[in-house]
Structures are given as C-alpha cells and as structure tokens.
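Below are the chains, spelled out letter by letter.
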Amino acid sequence: MTQAIAPTCSQTAATFTGLKCKECGAEYEAKAIHVCELCFGPLEVVYDYDALRRTVTRESIQSGPNSIWRYRPFLPVATDTPIDVGTGMTPLLQANRLARRLGLKRLYIKNDAVNMPTLSFKDRVVSVALTRARELGFSTVSCASTGNLANSTAAIASHAGLDCCVFIPSDLEAGKVLGTLIYGPTVMAVQGNYDQVNRLCSEVANTHGWGFVNINLRPYYSEGSKTLGYEVAEQLGWELPDHVVAPLASGSLFTKIYKGFQEFIKVGLVEDKAVRFSGAQAEGCSPIAQAFREGRDFIAPVKPNTIAKSIAIGNPADGVYAVDIARKTNGNIESVTDQEIVEGIKLLAETEGIFTETAGGTTIAVLKKLVEAGKINADETTVVYITGNGLKTQEAVQGYIGEPLTIEPKLDSFERALERAQTLDRLEWQQVLV
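Residues numbered from 1 in each chain as written. Predicted model: local features only at pLDDT ≥ 70, side-chain atom pairs only at ≥ 80, totals over all residues. Heavy atoms only, no water.

The chain is annotated in an unreviewed UniProt entry as Threonine synthase from Leptolyngbya sp. NK1-12. UniProt, in the comment section headed Sequence similarities (unreviewed entry), describes the chain in these words: "Belongs to the threonine synthase family." Under the UniProt heading Cofactor (unreviewed entry), the note attached to the chain is "pyridoxal 5'-phosphate". (UniProt positions renumbered as here; feature names shortened; annotations may be inferred.)

Turning our attention to the sheet that holds strand β9 (residues 211-212). Ordered in space as β8-β7-β6-β9, the four strands form an open sheet in which the pairing is parallel. The sheet is open, and its two borders are formed by β8 (186-190) and β9, each paired with just one other strand. Pairing of strand β6 (residues 140-144) with strand β7 (residues 163-169) involves five bridges; the strand directions are parallel. Its bridge partner lying in β7, alanine 144 is registered against phenylalanine 167. Most of the contacts of helix α5 (residues 148-160) go to β6, to which it runs at about 170°, and overall it touches β6 and β7. (Pairing = 2+ DSSP bridges. Helix = DSSP H or I, 4+ residues; strand = E, 2+ residues; numbered from the N terminus. Contact = heavy atoms within 4.5 Å. Axes fitted to C-alpha atoms, helices over the stretch in contact; angles between N-to-C directions.)

In this section: the UniProt feature "modified residue: N6-(pyridoxal phosphate)lysine" (unreviewed entry) in the chain. Per the UniProt annotation, the sites labelled "modified residue: N6-(pyridoxal phosphate)lysine" (unreviewed entry) are Lys122. Tracing the chain through its elements places lysine 122 in helix α4 (residues 122-135).

This part takes up the pattern of salt bridges. On inspection of all chains with the given rule, the structure shows 27 salt bridges. Between arginine 218 and aspartate 318 there is a salt bridge whose closest N-O contact spans 2.9 Å. With a gap of 100 residues between them, arginine 218 in helix α8 (residues 218-223) and aspartate 318 in the loop between α11 (287-293) and α12 (319-328) connect regions that are remote in the sequence. The pair formed by arginine 218 and aspartate 318 is uniform in burial state, with each residue classed as buried. For glutamate 408, the salt bridge identified is with lysine 410, shortest N-O distance 3.7 Å. Residue class for glutamate 408 comes out partly exposed when judged on its relative accessible area of 43%. (Salt bridge = Lys/Arg side-chain N within 4 Å of Asp/Glu carboxyl O. Buried < 20%, exposed > 50% of the residue type's maximum accessible area, 1.4 Å probe, protein only.)

Within this numbering scheme, the UniProt entry marks residues 86-388 as carrying the feature "domain: Tryptophan synthase beta chain-like PALP" (unreviewed entry). Structurally, residues 86-388 comprises 45% helix and 17% strand, and the distance from its first C-alpha atom to its last is 16 Å.

If you want it as structure tokens, here you go:
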C-alpha cells in the first residue's frame, strides 16, 4: 500500500478557498491537515459564499444528480466527476403513527438507514473524503471506526480503486465486521475501545502517509454531513424545520447539519429561521450530555460501556461545539439507558416500519424523553435523524422481540398458534394500559 504523490486534478472548479482554525482563525492551504499548528484547534473548510450566492439556485440544485453531489458547490472538492455511488437523497418520511404515539403533530424521519451503498450516513462523509483524497494524490485510504465508517470506507474505496486498510475495535458487532471484510480491505481489529483505536491511527497516519478520512482528511470528510441538512431543507419545500433531534458521537454530524442550514440561509436558498438542535447519547457513553447538563464548556472523557457502539466515543472531538449549538438554539442534549435504546428501536420499527441500529434507538428514545419532559412542542415541525440500519446490530435486540411460533403444516395447528398469539397480544396491551 503506497501513497501517490501528484494530485489528480487542478482546483479550477473548486468553490472552497482553504482551511481555517475554528479557535484562533489561522488560515491554511487546502491540504491533508486537520489541526492548527498554532493552537491545536480543529481546521474547517472555508468557502467563497459570494460566488455561491451568484451561481447556485434552487433550480441548479434540482437539475443535478439524485445524490449528495447535487450540492457539489457546497462541498470541498474541485473535480466535476466526484466518486458518486448514489449516496444521499434518502427519504424524509412523515412519521404519523409515531407522532400520534408521542403526542406530536408534525414529525419527520430522515432515514439514512437506507443510504447507499452501506446503509448508514457514513456513506456521505466517505464519498466526499475519498473524492478529496484522490485529488490530493492518495492511493491508500484508511479510518478509525466503530463499524459504519469502516463499511463505507471499504466499499467506496473498492468502487474507486483505492487501496484500503481500516481499524476497528475487536469487539464490534458481527454484521459490521462482515460488512467491511466483504469488500476486501485489510482490517485491523484492535484490542481496545474506539478512542484507543483513534490514537493508534494518528500514529499510523503520521508514519505511513495514508489518507485517513477522519484524521488528516477530517476537514473534508466532515463536510459530507452537511448534506443531511441540505436534503431536509429541500425535501420540506425549501424550508427549515423547527426542531431537529440527532445522535451524538464525535459531535461532528450535529455541528455540520447546523452549518448546512446556515449556509443555505447565507446564500439565500431558504428563509432565515431559528431551528432548535437537540442531541442524543447513551448513558454508558455520554460525555457531551454530561457537559450540557452540568453547564460546562469542556468535555470530560469517559470510558464507553453501552450497546450503542456506533456512537460510543468517550473523547468526542467536536463535543464542545455540539454543546454550544444546543445551548444557543435553545435545544437540549439528553442520554438514555441501554434498555431505553432497545425500546426506541422497537418503537420505531412497530410504528413506522424502520429497523434502525442502536444509534437510531438512542435518538428515538431521547425524542420520547424530550416530549415527555415538555421540551418539544407538539406544534413544532420536528425532524429526527436515523443514521444507520438495524441489520448491522441485530445482537442488540436479540432476546427482546420474541420468537416465531413453530407449527405443524396443519390448519388446526395454525388456529391454536393464532389464538395463543392473540391472547399474548391482549395481555401485553393490558399490561401497557395498567
């Protein structure tokens, strides 16, 4: 596995102008760097919004491809031929049955459980990161992952013809391990949690010069999450919602949805509007929720201990920025137990026919908790982000959803089983009513 030296294209088509430190404002060229040399703050992509305002319209976006690349001018790539595997433009579903169950009037589910090609929102960020990696001349790409990112990096690298080596904690769910290995990358299963994996990857990136999507390519990679904001605005008829609820791992997704909304306001694609941002974490790994609850402006790292492994980041890189957004938008950040996460998975499946993984169960459980606490107004247009597919984390619900009724191939056997099933259903509803 080697790194190519020469970039593959010029930046004549680019709408981004470089990188800028979020803390001290120092400016940098658009290279494979992610940390400020002066204050060690994170770097973020800078765009020419005046040019975007002059050239991008609702009509130009709608005439683009049915993928995240309809928003290419807002993404940090120079090429007009990005790596497009059909990622994005996932359904925004009006969740009427779930809304009635919770007592809400206008609830929507942004369903990235069916995103392509690997059934999670990570396909968005990886498509952007690998397109930029190719422009910067990388031929080997990598990542530190809790599962979904490894799936996406391996799949899209395979499509793009890039060498791939990914790093995961050794205790990941079987579906996520298999869903990475199938694409033929080198997979390193590290005996440690995600934060330990990430530290190792920082050393490897410095030693081998590979393109790590969530390390030296992180400024570009993270911009892919903005498309979740763009799509919701477009799918709501070029309007912003009143309230969003999203899962929190590193905090990057949360902050980039916010940035996406702000960019559409800035260039005149949607009317300015105050949108409340609420975040969801598992109690077994809730450093951002703890900081929000305690009124702190710093994140105290924790050791993860939860079934929600895809969001189990004990030292979240963008945690402080997520807390700031929740506070300034009059939102909230809550955490829920593993049992509540399982109940959230079941609730979404039973009401809307969407099987989500543990991150989605966390988000639905927090939505329910916020509604019950009076922190979401019934009249608000609320959008909940579901970021991954339940087929990847089947272990989480095993033992909680019953078993098939085994019958003989005879009508009377079926009738007895049906009566038994109906009796069990009645008992279950009576227990709920009590």
